[in-house]
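If you want the building blocks of each chain, they are given just below.
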Amino acid sequence: MTVTLNPPYPVTPIDPSEHGTNNGEDHRCICGEQQEPFLVADRSGRLVDVRGGTTQLPGLSPWPTKPEVLVIHGNCGRVYDDIDLARTDGISPILARIDITTPAWDAAVAMYYAAAEAGARVLHGEED
Ligand SMILES: [Zn+2]
């Protein structure tokens, strides 16, 4: 399936010959860096508020009602379809590549982790 994705962040060109690899459990990005962190985005490519719920931190999308999400490798900005990560044929197409050197992306990632941090506090009953 060909997917045209225009993420709401600056992007850099992708090499169509590149793809990630997986075995149905582990996913490895083409950049060769460690598996984590893979950031969760909605189908538009915008990072989601991992706390779920009805309110989101600025710039983040609600947690998708459908399970189909995209994942963005924080180390290089390559965007994958989470569905592809569950495939067992070893191929995970790259849908786009975020330019991770831009202030827009930095701000989005900071908000993503702020939501994750806030969610962790709620999960552990440590509201401040
Ligand atoms: Zn990567």
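Bear in mind the structure is a predicted one, so any value in this text is a computation, not a measurement.

S.K.: I tried to follow the overall build of the protein on my own but got confused; where do I start?
M.R.: For the protein, the helix and strand inventory stands at two helices and seven strands. Listing each helix as α and each strand as β along the protein from the N terminus yields β-β-β-β-β-α-β-β-α. In the protein, which comprises 128 residues, the share counted as buried stands at 27%. Across the protein, every contact between residues at least 6 apart in sequence was considered, and the portion connecting residues at least 24 apart equals 61%.

S.K.: Quick question: what am I supposed to make of the sheet that holds strand β2 (residues 27-28) here?
M.R.: Strand pairing in a sheet is mediated by backbone hydrogen bonds. Such pairs are either parallel or antiparallel. The three strands lie next to each other as β2-β1-β6, forming an open sheet whose pairing is antiparallel. Edge strands, defined here as strands with exactly one partner in the open sheet, are β2 and β6 (92-93). The pairing of strand β1 (residues 19-22) with β6 spans two bridges and is classified as antiparallel. Each bridged residue has a counterpart across the sheet, and for histidine 19 the counterpart in β6 is proline 93.

S.K.: Please explain the sheet that holds strand β5 (residues 78-81) as it appears in this structure.
M.R.: Taken in spatial order, the four strands line up as β3-β4-β5-β7 in an open sheet, and their pairing is antiparallel. The sheet is open, and its two edges are formed by β3 (38-41) and β7 (96-97), each paired on a single side.

S.K.: I tried to follow the pairing of β5 on my own but got confused; where do I start?
M.R.: Both faces of the sheet carry side chains from a regular strand, because those side chains alternate between them. Burial along β5 is two-sided: the residues Arg78 and Tyr80 and Val79 and Asp81 are all buried. Both strand β4 (residues 70-73) and β5 contribute to a ladder of three bridges, which runs antiparallel. Residue pairing for β5: isoleucine 72 is matched across the bridge by valine 79. What sits between the antiparallel neighbours β4 and β5 is a turn of four residues, in which glycine 77 has the positive phi angle 90°. Pairing analysis gives two bridges linking β5 to β7, with the strands arranged antiparallel. Its bridge partner being in β7, arginine 78 is matched across the sheet by arginine 97.

S.K.: Whenever I open this one, the nonpolar core confuses me. Can you help?
M.R.: Within soluble globular proteins, side chains that are nonpolar tend to cluster in buried spots. Counting 19 residues, the largest nonpolar core has Ala41, Leu47, Leu70, Ile72 and Val79 as its most contacted members. Elements that contribute at least two residues to this core include exactly β3, β4, β5 and α2 (103-123). A total of four residues in this core trace back to one element, the largest contributor, which is α2. Apart from residues no more than four positions distant in its own chain, leucine 70 is found in contact with Ala41, Arg43, Gly45, Val79, Tyr80, Asp81, Asp82 and Leu95.

S.K.: When you look at the pairing of β3 in this model, what are you seeing that I'm missing?
M.R.: Burial of β3 is one-sided: the residues Leu39 and Ala41 facing one way are buried, the residues Phe38 and Val40 facing the other way are not. Note that β3 and β4 share four bridges and pair antiparallel. Paired with alanine 41 across the bridge in β4 is leucine 70.

Criteria and thresholds
Residues numbered from 1 in each chain as written. Predicted model: local features only at pLDDT ≥ 70, side-chain atom pairs only at ≥ 80, totals over all residues. Helix = DSSP H or I, 4+ residues; strand = E, 2+ residues; numbered from the N terminus. Buried ≥ 20, exposed ≤ 12 C-beta atoms within 10 Å, placed from the backbone. Contact = placed C-beta atoms within 7 Å. Pairing = 2+ DSSP bridges. Core = buried A, V, L, I, M, F, W, Y, C linked by C-beta atoms within 7 Å.

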